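Fold and contact review
Residues per chain are reported as follows:
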There are 6 protein chains.
Amino acid sequence: MQIERNAFIGCDCEYEQAKTVIFGAPFDSTTSYRPGTRFGSKAIRSESFGIETYSPYQDKDLLDYNIFDSGDPELCIGNVDTALQQIEDIAAEILADGKRPFMLGGEHSVTLGAVNAVHKKYKDLYIIQFDAHADLRDDYLGVKKSHACVMRRCWELVGDGHIYQFGIRSGEREEFKFAAEHTKMNKLGLDGIEKAAEELKGKNVYLTIDMDVLDPSIFPGTGTPEAGGVQFTELLETVFKLKELNIVGADINELSPQYDPSGVSTAVACKLLREILLMLEK
Amino acid sequence: MQIERNAFIGCDCEYEQAKTVIFGAPFDSTTSYRPGTRFGSKAIRSESFGIETYSPYQDKDLLDYNIFDSGDPELCIGNVDTALQQIEDIAAEILADGKRPFMLGGEHSVTLGAVNAVHKKYKDLYIIQFDAHADLRDDYLGVKKSHACVMRRCWELVGDGHIYQFGIRSGEREEFKFAAEHTKMNKLGLDGIEKAAEELKGKNVYLTIDMDVLDPSIFPGTGTPEAGGVQFTELLETVFKLKELNIVGADINELSPQYDPSGVSTAVACKLLREILLMLEK
Amino acid sequence: MQIERNAFIGCDCEYEQAKTVIFGAPFDSTTSYRPGTRFGSKAIRSESFGIETYSPYQDKDLLDYNIFDSGDPELCIGNVDTALQQIEDIAAEILADGKRPFMLGGEHSVTLGAVNAVHKKYKDLYIIQFDAHADLRDDYLGVKKSHACVMRRCWELVGDGHIYQFGIRSGEREEFKFAAEHTKMNKLGLDGIEKAAEELKGKNVYLTIDMDVLDPSIFPGTGTPEAGGVQFTELLETVFKLKELNIVGADINELSPQYDPSGVSTAVACKLLREILLMLEK
Amino acid sequence: MQIERNAFIGCDCEYEQAKTVIFGAPFDSTTSYRPGTRFGSKAIRSESFGIETYSPYQDKDLLDYNIFDSGDPELCIGNVDTALQQIEDIAAEILADGKRPFMLGGEHSVTLGAVNAVHKKYKDLYIIQFDAHADLRDDYLGVKKSHACVMRRCWELVGDGHIYQFGIRSGEREEFKFAAEHTKMNKLGLDGIEKAAEELKGKNVYLTIDMDVLDPSIFPGTGTPEAGGVQFTELLETVFKLKELNIVGADINELSPQYDPSGVSTAVACKLLREILLMLEK
Amino acid sequence: MQIERNAFIGCDCEYEQAKTVIFGAPFDSTTSYRPGTRFGSKAIRSESFGIETYSPYQDKDLLDYNIFDSGDPELCIGNVDTALQQIEDIAAEILADGKRPFMLGGEHSVTLGAVNAVHKKYKDLYIIQFDAHADLRDDYLGVKKSHACVMRRCWELVGDGHIYQFGIRSGEREEFKFAAEHTKMNKLGLDGIEKAAEELKGKNVYLTIDMDVLDPSIFPGTGTPEAGGVQFTELLETVFKLKELNIVGADINELSPQYDPSGVSTAVACKLLREILLMLEK
Amino acid sequence: MQIERNAFIGCDCEYEQAKTVIFGAPFDSTTSYRPGTRFGSKAIRSESFGIETYSPYQDKDLLDYNIFDSGDPELCIGNVDTALQQIEDIAAEILADGKRPFMLGGEHSVTLGAVNAVHKKYKDLYIIQFDAHADLRDDYLGVKKSHACVMRRCWELVGDGHIYQFGIRSGEREEFKFAAEHTKMNKLGLDGIEKAAEELKGKNVYLTIDMDVLDPSIFPGTGTPEAGGVQFTELLETVFKLKELNIVGADINELSPQYDPSGVSTAVACKLLREILLMLEK
């Protein structure tokens, strides 16, 4: 009896052989505005059969590499502490097995779970963040682990100058002040990417992409769409510039598929994921 | 300068004169399946101008009574304990002013906040619950204050035989066993309502209506639609049978307007709210 | 070169042979709440190919009769007086040719245009109205020809006791008072239909169906959905009871297809239209 | 590494232990009107986590039985002959292993593939069909294996008097004539079910449920919604009356989830599937 | 009892202190194609809580200024003359109080009401219009005050050379001929903005932005989307170039939120509004 | 009696006078992923009244030319061979009458039907294809006439070097290899258009535009949206560069209107069609 596998297209090798392991983080309990990213990872997997495994951009094919997708765990909706611990445990297991974790959010807060695990293995960790929002609040209505605070929490782990932010175009005045002192923020666009890629050569890097960095015209399926974003091709080219880096963990997040009945946002996430996965392979 | 008031249609008297005070509870962080009820109260208020203030069912008009709608507070998304405390505080203030609180959810967990306040004032409190789901789990993935556990938590307050459940058609086997011992459950339909109304005469009653008790054909805009529900007219007639009771607090909840692009679910909630408000007035 | 005809399914005979002539009235400028009925007639025509021409209810087939559909005229959006005159002219032309006009709304106000024409030909005219709303206001925000006033305007033409209203479940208190004195109103349901059919035998009757008389569970695609309506089969059986009457004009109205992405409301309108058309044929 | 299983809720036993084997038939190439049922089986599986495994109707729980869900095969879109052969092969394998196939459509034409396999094993086969449409055309625009012809094709296999049809309310005049001579058709409703259950005792029965037999108010997510259908509870009670029969194969079909953005249709299909699966278990 | 205020985010000072007063103009009765802009102002207000009060573009914060939002008046749907008079009265009251009116449409025709009031105070008035459509027809199907004619009507007030049009890419041939003689039209794009800003220095300027000037990829929620529009950032930068001008009144219009279920169009309108409000503050 | 014509705006001359004849090809049975293009041509026609007949880009007006739109034929859903033959017959009739066929898809496979007819008349035929996908597979799951194979089938007719491909950004590795040897492919963008226009001067050219060549931000309404596409203005300018060519047949295809509830994709298709029709006229 042939059984359907539940994996992103072309990512169905055996776990043991995989270098990169995909897992979902279907969690959105702290979402401040419009919830729904809990359905993001499932949608990416399910709609991935609308794209090809081959990339004409990189002339590479997912079928030529060993990538494993373990699907979605059942996370504890309603309790961010428990959920983040669950995520950390999964990432830690993957890291312990000598593989690279690649997480599919969920809201951006899930990054904290994965970074916790990665940071325990790689003490001198750098983070590259693509995002429309600074995510540097100290708390959001009293909640410390809100998705609006995730990079602030990460900064508490990795320290000053270790977070590179790109595409930021929304936040409170205080967040921009904080960034001026503690992070390397590139406001509005992606200009500083070559410089960052140069500085980060040889470092251990965690890559987190809040897909709302994209212009909402191409990525409307997200909780807090923020006009004035980057184009898809622009983001793709920027991602390709990271291919020499030592990326030890990664995630893409904040797809909320139900806000985009056309399915374009999900298709964009699928294509972006394919390109990053292929970029990571040497 | 004339200023638009933000209130349910016909509920714009001064606070001091009001007997019933409406407030929103825009919270859905523990929603187990599809979130979105945080937008319920706002939608009810905004769409209420599609219905009339007059009820041909009861031959009463909202314009003839003093009802006040205070709008939505900003609740702490992501932290159920804080949010429930905020709700309790609002309800307590209304009760302290000698008025009846009428809450618009939000997910069903918010009922716990209001019941906490009402129970502090009325020790021997009875609850009438209309719902598709038993909501009697002890926890949901470890979360105790989940919307799937709200009646269990209420039971801990009001005790055996104090909760009357109607329309229940979904739950774990354990919940139905629990109900058999501790609550007065009417499975599937609304049959026992006359008996309940008889038994509860003279008692202090809190009325909570999870609107998913309605058949999803007429109320699709909810997180966990459950087929086999009651018709709108059936629910209306049942509600009218409660008019002799001493209802000291009430809520309607679990409208998730974005799941119903036709707006019918919101219109149903508006009409139901009008009818209950009128039923409460002598 | 074969050319596609723009007509309701099975209604593509030549104009000269037709007994019944269908035309659209794509107008909604006075709609008080949610506009969009201007797209109703077009949707009915376009989606009619999802149903059959044969009715198993009546064992009749549209293909066996001569019915002509002239499509939609371009009505004057933004000026209700001009639009009603355009409608009256079309109906008058059909009547002058000895045929029966069957109008597809559009909002309910368009009925006034058709009734103007029919009443000029048949002085002692009776109207049967199926509707959720009384439509008996004298004006709506100062507008006399609003869809909320259409039966009041018709009453000014046909006089006391000449309007039979069914299914009415919404209105201001004043409208219900007016009805008690001037029309034959059946509140909430369709009970009085046999009596009406008896009384109207031999009279000239205009039939107007505001499809929001149906429960919004089956007909969500309308501007002001009103819960507690009649079921489809109930309406069908009621319509069949009119088959002995002398119906000299008819319309169905208030479909707003964009509010129902499932297309069910439009399919319901198509089936209802087929059944009425067949009922009218001897 | 824990891996997410791709199965209907509670249907994740090992294949070897299963008595009933679920598989998808994601095919809709012959759909005459609005396509999209190819996404039906996937949606049912994915949304099944919104319902419980326990049925308060039957007091049974999916967790207490051995049911296996193999997921969706990749069928040949665009070629109905190939696709039906693929389906027949899967059903034949399940039957050869001594298990009962339970297929999730797809459009109704897929039933022919499964019935082909079942009929090869059980020569004297009876079919119970719930459906809004007769599906008895000899061809549709020249296509013989269209979903509009599927019961005609099945009749060619099983012969006169072997097909019991329920809920039929749409078709060409010719189909109703054909039914009068060759099948046991119950027009419009479900009345003859007790008689059928009596007659079919001890026979081998294939059960096929085109879910558009339900009223479109509760099941709008289908290609050709047909008003005047049966209520959910009505269908449920009817299904329960089949529990003494020897059902050797079954399917549910014609869910087109994208036409119902509320998700109610999919939730209805999930609940119906749970109840049938439990009904089949002794 | 804390009461929710019904205002655009950060615009809740007291009326007396305000320099700019926002009001809605929920009117769309003359909309030629797809109605729905009557819901635009309400949506902007309600969704404004998805953006921040701080602008990283201008390094300004709404919280630092006094802006008052009076909400939506109830305009006379169905009668454009009455509605425009209502709008004029509101704008006149604001102007009489020495404040600047900022109107949220509604369809573009509402601009005529506001310009009527502004022109009575500032006789030598200039208008800057951003729009996809010329709006220069003399009438539309006989209606003079249609949204398709609004700039023609404004031209009758302010005269030759006093209207600067940008982004125009749709109209009848006659409208473009009219523009060549009577207005300063910049076809397709925004090129002439510096020149215009130079010429208008020291003049009294009314700014009207039909948001369909934006490309429909970023602003799909409008009645007549017109491909080939300007990008969001492009429009923002253009708006910033007006900051030295003496803008005595302004509006944004033609958001029809229901056509964009993703909510992006409304979010775009919110962000645009914030940026214009901040640009107006010295 | 005035009768509504069923034609694209401004394309309602008599057949005999027409130089260009539009017809629909409502077929999508081989669509590999998300079906629905069968509704494309009807939507284009119906929504065309949202745009003007005049083009400010070309300063031309459809009303000044003779173009005929015959509407949609009823194609054989479920059988690609029959459907393609039907299409070929229609195109052949138009060609035999000395007119240019302009087909509105439908999925891309329909191009084969039209090219079959055109190629029989013009043996040395060149094809210009705008598309996101190469469409050069030899088969798709065994189906040879799938929309994923259409240019491969066309290549079998017209031969090496006769197909110019633009905007291609998706396919299997094998398709790109095939293109390198047999077609003139311009990957990702539209750069080679001037060169192509030069080379094709004086040749007989068939123009086929799969509208998914556009970026999905502006054209989300299609079955397999592929990020990284061209902008609308870019495509328009490219199309204008073809105006000196001898275009003997043309089509636009792959609009699936139901995936874009905003209607923007359909509006884009309408505007594109208008501009191509005007470009074709000398």
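Attention in this report is confined to the structure presented alongside it.

Rules used in this analysis
- Residues numbered from 1 in each chain as written.
- Chains lettered and ligands numbered in written order.
- Predicted model: local features only at pLDDT ≥ 70, side-chain atom pairs only at ≥ 80, totals over all residues.
- Heavy atoms only, no water.
- Helix = DSSP H or I, 4+ residues; strand = E, 2+ residues; numbered from the N terminus.
- Rg over C-alpha atoms; globule rule 2.2 N^0.38 Å.
- Buried < 20%, exposed > 50% of the residue type's maximum accessible area, 1.4 Å probe, protein only.
- Contact = heavy atoms within 4.5 Å.
- Areas by Shrake-Rupley, 256 points an atom, 1.4 Å probe, with all protein chains shown as cover.
- Lys, Arg positive; Asp, Glu negative; His and termini not counted.
- Charge placed at Lys NZ, Arg CZ, Asp CG, Glu CD.
- Arc of directions from axis to C-beta.
- Buried area = accessible area lost by both parts, 1.4 Å probe.
- Salt bridge = Lys/Arg side-chain N within 4 Å of Asp/Glu carboxyl O.
- Polar contact = N/O pair within 3.5 Å; in protein donor to acceptor, adjacent residues only side chain to side chain.
- Pairing = 2+ DSSP bridges.
- Axes fitted to C-alpha atoms, helices over the stretch in contact; angles between N-to-C directions.
- Least-squares fit on C-alpha atoms with pLDDT ≥ 70 in both.
- Patch = residues over 30% accessible without salt bridge, like charges linked within 9 Å, V, L, I, M, F, W, Y side chains within 5 Å.
- Phe/Tyr/Trp six-rings, centres within 6.5 Å; stacked < 30°, edge-to-face > 60°.
- Lys NZ or Arg CZ within 6 Å of the ring centre and 35° of its normal.
- Right-handed = clockwise from strand over helix to strand, strands pointing away.
- Parallel < 35°, antiparallel > 145°, perpendicular 65-115°, else oblique.
- Left-handed = near helix turned anticlockwise from the far one by under 90°.
- Nonpolar A, V, L, I, M, F, W, Y, C, P; charged D, E, K, R; others polar.
- Expected span 1.5 Å × (residues − 1).

1. Quick word on the overall build of chain A
Counting its secondary structure elements, chain A contains eight helices and 10 strands. For 282 residues, the compact-globule formula gives about 19 Å, and the C-alpha radius of gyration of chain A, at 17 Å, lands near that figure. Per-residue burial over chain A gives 71% buried out of 282 residues. The long-range share in chain A, meaning contacts at least 24 apart out of those at least 6 apart in sequence, stands at 77%. Taken as a whole, chain A presents about 8,600 Å² of accessible surface, with 47% of it coming from carbon and sulfur. Side-chain charges of chain A comprise 30 positive and 46 negative groups, with the mean position of each set lying 4 Å from the other.

2. Comments concerning helix α5 (residues 173-182) of chain D
Along α5 of chain D, the residues classified as buried are Glu175, Phe176, Phe178, Ala179 and His182 of chain D. Projected down its long axis, α5 of chain D carries its buried residues within an arc of 160°, all on one side. Summarising the geometry of α5 of chain D, the exposed residues directed more than 90 degrees from the buried face are Ala180 and Glu181 of chain D. Where α5 of chain D is buried, its residues touch β2 (54-55) of chain C together with α4 (150-158), β7 (163-168) and β8 (184-187) of chain D.

3. Some points on the interface of chain E and chain B
Tallying the contact residues gives 16 residues for chain E and 16 residues for chain B. Between chain E and chain B, a total of about 1,500 Å² is buried, with carbon and sulfur atoms accounting for 54% of that surface. Of all residues in chain E, Met1, Glu4 and Asn6 of chain E give up the largest surface area on contact with chain B, accounting jointly for 47% of the area buried on that side. Arg45 of chain E serves as the salt-bridge partner of Glu4 of chain B, at 3.9 Å between the closest nitrogen and oxygen. Taken together, the connections running from chain E to chain B amount to six residue pairs in polar contact (both at pLDDT 80 or more). Elements that contribute at least two residues to the side of chain E that touches chain B include exactly α1 (40-47) and α2 (80-96) of chain E.

4. A look at the interface of chain B and chain A
Taken together, the contacts link 19 residues of chain B with 19 residues of chain A. Taking both sides of the interface into account, the surface hidden between chain B and chain A amounts to around 1,500 Å²; carbon and sulfur atoms contribute 61%. Summed over the shared surface of chain B and chain A, the result is zero salt bridges. Linking chain B with chain A are five residue pairs in polar contact (both at pLDDT 80 or more).

5. What about the sheet that holds strand β1 (residues 20-25) of chain C?
All names here are of chain C. On the basis of which strands lie adjacent, the open sheet formed by eight strands has the order β4-β1-β5-β10-β9-β6-β7-β8 and parallel pairing. The two strands at the open ends of the sheet, each matched to only one other strand, are β4 (67-69) and β8 (184-187). Ignoring which end each strand starts from, the neighbouring axes of this sheet average 15° apart. Seen against the sheet, helix α2 (residues 80-96) touches β1, β5 (100-105) and β10 (246-253) and runs at an angle of roughly 175° to β1.

6. Notes on the relation of the copies chain E and chain B
In the superposition of chain E on chain B (RMSD 0.0 Å, axial shift 0.0 Å), the rotation amounts to 180°. What the rotation and shift describe, once combined, is the action of a two-fold rotation axis. Every residue of chain E has its C-alpha some distance from the rotation axis, and the shortest such distance is that of Asn6 of chain E, at 2.9 Å. Most of the interface of chain E is mirrored in chain B, where 100% of its interface residues are also at the interface.

7. Some words on a negative patch on the surface
There is a patch of like negative charges on the surface, built from Asp12, Glu14, Glu16, Asp89, Glu93 and Asp97 of chain A. Tracing the sequence through the fold places Asp97 of chain A in the loop between α2 (80-96) and β5 (100-105).

8. Thoughts on the pairing of β1 of chain C
Strand residues, when the strand is regular, have side chains that alternate between the two faces of the sheet. All names here are of chain C. Within β1, six of the six residues are buried, which leaves it mostly tucked inside the rest of the structure. Here β1 shows a buried face lined by Thr20, Ile22 and Gly24 and a second buried face lined by Val21, Phe23 and Ala25. Pairing of β1 with β4, which is carried by three bridges, proceeds in the parallel orientation. Within β4, the position partnered with Thr20 by the bridge is Ile67. One ladder, built from six bridges, connects β1 with β5; its direction is parallel. Looking across to β5, one finds that Phe23 is bridged to Met103.

9. Re the packing of aromatic side chains
Inspection of every chain in the model, using the stated rule, returns 30 aromatic pairs over all chains. Between Phe39 of chain C and Tyr33 of chain E, the aromatic rings sit 6.3 Å apart at their centres with planes inclined by 85°, giving edge-to-face as the arrangement. Taken as a pair, Phe39 of chain C in the loop between β1 and α1 (40-47) and Tyr33 of chain E in the loop between β1 (20-25) and α1 lie in two separate chains rather than in one. The ring of Tyr15 of chain B has Lys99 of chain B sitting right over it, with the charged end atom 5.1 Å from the ring centre. Above the ring of Phe178 of chain E, the side-chain terminus of Arg152 of chain E is found at 4.0 Å from the ring centroid.

10. Focus: the relation of the copies chain B and chain A
Here chain B sits on chain A after a turn of 180° about the axis and a move of 0.0 Å along it, with an RMSD of 0.0 Å. A share of 100% of interface residues in chain B that are also interface residues in chain A marks the association as one of identical surfaces.

11. What about the pairing of strand β7 (residues 163-168) of chain A?
Residue and element names in this part refer to chain A. Burial runs high along β7: six of the six residues are buried. A crossover connection joins strand β6 (residues 125-130) to the parallel β7 through helix α4 (residues 150-158); in handedness this β-α-β unit is right-handed. Bridge count for β7 against strand β8 (residues 184-187) is four bridges, and the pairing is parallel. Bridging across to β8, Ile168 finds its partner in Lys187. Handedness of the β-α-β unit built from β7, helix α5 (residues 173-182) and β8 comes out right-handed.

12. Here we look at the packing of helix α2 (residues 80-96) of chain D against helix α3 (residues 110-121) of chain D
Residues and elements named next belong to chain D. The geometry of α2 relative to α3 is characterised by a closest axis approach of 8 Å and an angle of 40° between their N-to-C directions. Accordingly, the angle class assigned to the pair α2 and α3 is oblique. The two elements α2 and α3 meet at a crossing, and its hand is right-handed. Facing α2, whose interface residues are Leu84, Ile87, Glu88, Ala91, Ala92 and Leu95, α3 presents Val110, Leu112, Gly113, Ala114, Asn116, Ala117, Val118, Lys120 and Lys121. Residue classes in the contact of α2 with α3 are distributed as 10 nonpolar, two polar and three charged.

13. A few points about the sheet that holds strand β6 (residues 125-130) of chain F
All names here are of chain F. Taken together, eight strands build an open sheet; the order of strands is β4-β1-β5-β10-β9-β6-β7-β8 and the sheet is parallel. Each having just a single partner strand, β4 (67-69) and β8 (184-187) make up the two edges of the open sheet. Geometrically, the sheet is characterised by an average inter-axis angle of 15° between neighbouring strands, direction not taken into account. Inspection of the sheet shows strand β9 (residues 204-210) paired to strand β10 (residues 246-253) by seven bridges, in the parallel sense. Across the sheet, residue Asn204 finds its bridge partner in β10, namely Asn246.

14. Examining helix α8 (residues 264-280) of chain C
In a regular helix each residue adds 1.5 Å, so 17 residues correspond to 24 Å; α8 of chain C covers 24 Å between its end C-alpha atoms and thus fits that length. For α8 of chain C, a buried count of 17 out of 17 residues is recorded, marking the element as mostly surrounded by other parts of the structure.

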